[in-house]
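# Descriptive analysis of the structure
Each chain, written out:
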Amino acid sequence: RTLAAGVVPILIASFISGLAGAISQKSLENMRCNAYVFSMELSFFSLVIMTTTLLLGSPDGKKLRTSGFSKGWTWKTWIPVVTNA
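Heads up: these notes are all about the structure in this document. (Residues numbered from 1 in each chain as written. Predicted model: local features only at pLDDT ≥ 70, side-chain atom pairs only at ≥ 80, totals over all residues. Heavy atoms only, no water.)

Moving on, we come to the overall build of the protein. When you go through the protein residue by residue, the secondary structure sums to four helices and zero strands. For the protein, the succession of helices and strands along the chain, N to C, is α-α-α-α. Dimensions of the protein, computed from the C-alpha atoms along their principal axes, are close to 45 × 40 × 30 Å. Out of the 85 residues belonging to the protein, those deemed buried represent 4%. A total of about 7,600 Å² of accessible surface is found on the protein, and carbon and sulfur atoms cover 69% of it. (Helix = DSSP H or I, 4+ residues; strand = E, 2+ residues; numbered from the N terminus. Buried < 20%, exposed > 50% of the residue type's maximum accessible area, 1.4 Å probe, protein only. Areas by Shrake-Rupley, 256 points an atom, 1.4 Å probe, with all protein chains shown as cover.)

Contact geometry of helix α2 (residues 35-57) with helix α3 (residues 59-67) gives a least axis separation of 5 Å together with a crossing angle of 80 degrees. Regarding the angle of α2 to α3, the classification is roughly perpendicular. The segment α2 lies against α3, with L54, L55, L56 and G57 engaging P59, D60, G61, L64 and R65. Each residue belonging to the contact of α2 with α3 can be placed in one class, and the counts come to five nonpolar, two polar and two charged. (Axes fitted to C-alpha atoms, helices over the stretch in contact; angles between N-to-C directions. Parallel < 35°, antiparallel > 145°, perpendicular 65-115°, else oblique. Contact = heavy atoms within 4.5 Å. Nonpolar A, V, L, I, M, F, W, Y, C, P; charged D, E, K, R; others polar.)

Bringing the environment of L19 into the picture now. Looking at where L19 falls in the secondary structure, it is placed in helix α1 (residues 2-31). A C-alpha to C-alpha distance of 17 Å links L19 and A35, two positions 16 residues apart in sequence.

By themselves these figures say nothing about function.
Here it is in structure tokens:
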């Protein structure tokens, strides 16, 4: 049960991530487009999709709208946020 709940999803996610990286690399080589522009486009569309999903379709979106983003954070939570920003 633990293996199916923890290790298997990680292995699947790693496989999908590697596959996405290989497909992106191949498309960049074939299309001869700028890697920086490709990364910015990918980031933009990911941001739009994730924000829409969070705010409209996720139970966490409801908590985010009612409580705010940093509810329950302590000074120990802010240290990595500030130093990595």
